[in-house]
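# Observations on the three-dimensional arrangement
Spelled out, the chains give:
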Amino acid sequence: MNTSHSGQDHLARAVELAVANVLDHGGPFGAVIVTADGRAFEGINRVTANNDPTAHAEVTAIRSACTALGTFDLSGATLYTSCEPCPMCLASALWARVDRVFYAADRHDAARAGFDDAVFYDYFDTPVEQRPMPVRQLAPGASDPLAPFTTWTGLATRIDY
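Nothing here was measured: the structure is a model prediction, and the numbers come from that model.

The rules behind each value
- Residues numbered from 1 in each chain as written.
- Predicted model: local features only at pLDDT ≥ 70, side-chain atom pairs only at ≥ 80, totals over all residues.
- Heavy atoms only, no water.
- UniProt positions renumbered as here; feature names shortened; annotations may be inferred.
- Helix = DSSP H or I, 4+ residues; strand = E, 2+ residues; numbered from the N terminus.
- Contact = heavy atoms within 4.5 Å.
- Phe/Tyr/Trp six-rings, centres within 6.5 Å; stacked < 30°, edge-to-face > 60°.
- Buried < 20%, exposed > 50% of the residue type's maximum accessible area, 1.4 Å probe, protein only.
- Lys NZ or Arg CZ within 6 Å of the ring centre and 35° of its normal.
- Pairing = 2+ DSSP bridges.
- Axes fitted to C-alpha atoms, helices over the stretch in contact; angles between N-to-C directions.

## Structural notes on the UniProt feature "domain: CMP/dCMP-type deaminase" (unreviewed entry) in the chain
- What UniProt calls "domain: CMP/dCMP-type deaminase" (unreviewed entry) maps, in this numbering, to residues 6-146.
- Across residues 6-146, the secondary structure splits into 40% helix and 16% strand, with the terminal C-alpha atoms separated by 47 Å.

Written as structure tokens, this is what we have:
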């Protein structure tokens, strides 16, 4: 963890992490989360190393920060990433309540290197009935589809997020 760097330094660190990860058989992506009080947590792309399609650099940085801090709420934090976040990473940053995101290369740079996320961006712009992967509501037989939410809202010990 580092506490005295500028945003450009953190972004440079994310790029350094990405290059080092490539040389260590990982993907060309690195990220740094900096909390409001200046603590920094790093992440690298481990998709192929861990056989985990969700192990993008931004997600691993968020996981690292949340684990170390004992929270799922990174309000006030800034995410610095070597490349424009894909929709999953951007959604992860939103769920973690990250305040802002800065990136070096953009999605078009990534596409030229073989990492084309256009299909994911386009998915949400495509009419539901034309999407390549159908996502449809289905009645769960005899089960009440609202039972998990009813149970949740009735639980006095729940932790809202």
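## Structural notes on the environment of proline 53
- Considering the arrangement of structural elements, one finds proline 53 in the loop between α2 (47-50) and α3 (57-69).
- When the C-alpha atoms of proline 53 and aspartate 125 are compared, they prove to be 23 Å apart, with 72 residues separating the residues in sequence.
- Sequence-distant contacts of proline 53, that is, excluding residues within four places in its chain, are made with Val47 and Met88.

## Here's the deal with the packing of aromatic side chains
- This structure, assessed with the given rule, holds six aromatic pairs.
- Geometrically, the ring pair formed by tyrosine 123 and phenylalanine 124 is edge-to-face, given 5.4 Å between the ring centres and 80° between the ring planes.
- Taken together, a centroid distance of 6.2 Å and an interplanar angle of 80° make the contact between tryptophan 152 and tyrosine 161 edge-to-face.
- Judged by its relative accessible area of 32%, tryptophan 152 is partly exposed.
- Each member of the aromatic cluster is reached from another via a ring pair, and the members are Phe72, Trp95, Trp152 and Tyr161.
- The lysine or arginine in question, arginine 107, covers the ring of tyrosine 121, its NZ or CZ lying 3.7 Å from the ring centre.

## Comments concerning the sheet that holds strand β4 (residues 100-105)
- Pairing in this open sheet of four strands is mixed, and the strands run β2-β1-β3-β4 from one edge to the other. Two strands close off the open sheet at either side, each with one partner strand: β2 (40-44) and β4. Going from strand to strand, the sheet's axes swing by 15° on average, the running direction of each strand aside.
- Of the pairings in the sheet, the one linking strand β1 (residues 30-34) to β2 comprises five bridges and is antiparallel in character. When the sheet's bridge partners are listed, glycine 30 is paired in β2 with isoleucine 44.
- Against the sheet, helix α1 (residues 7-23) engages β1, β2, β3 (78-83) and β4, with an angle of about 145° to β1.
- Sheet contacts for α3: β1, β2 and β3; angle to β2, the most-contacted strand, approximately 140°.

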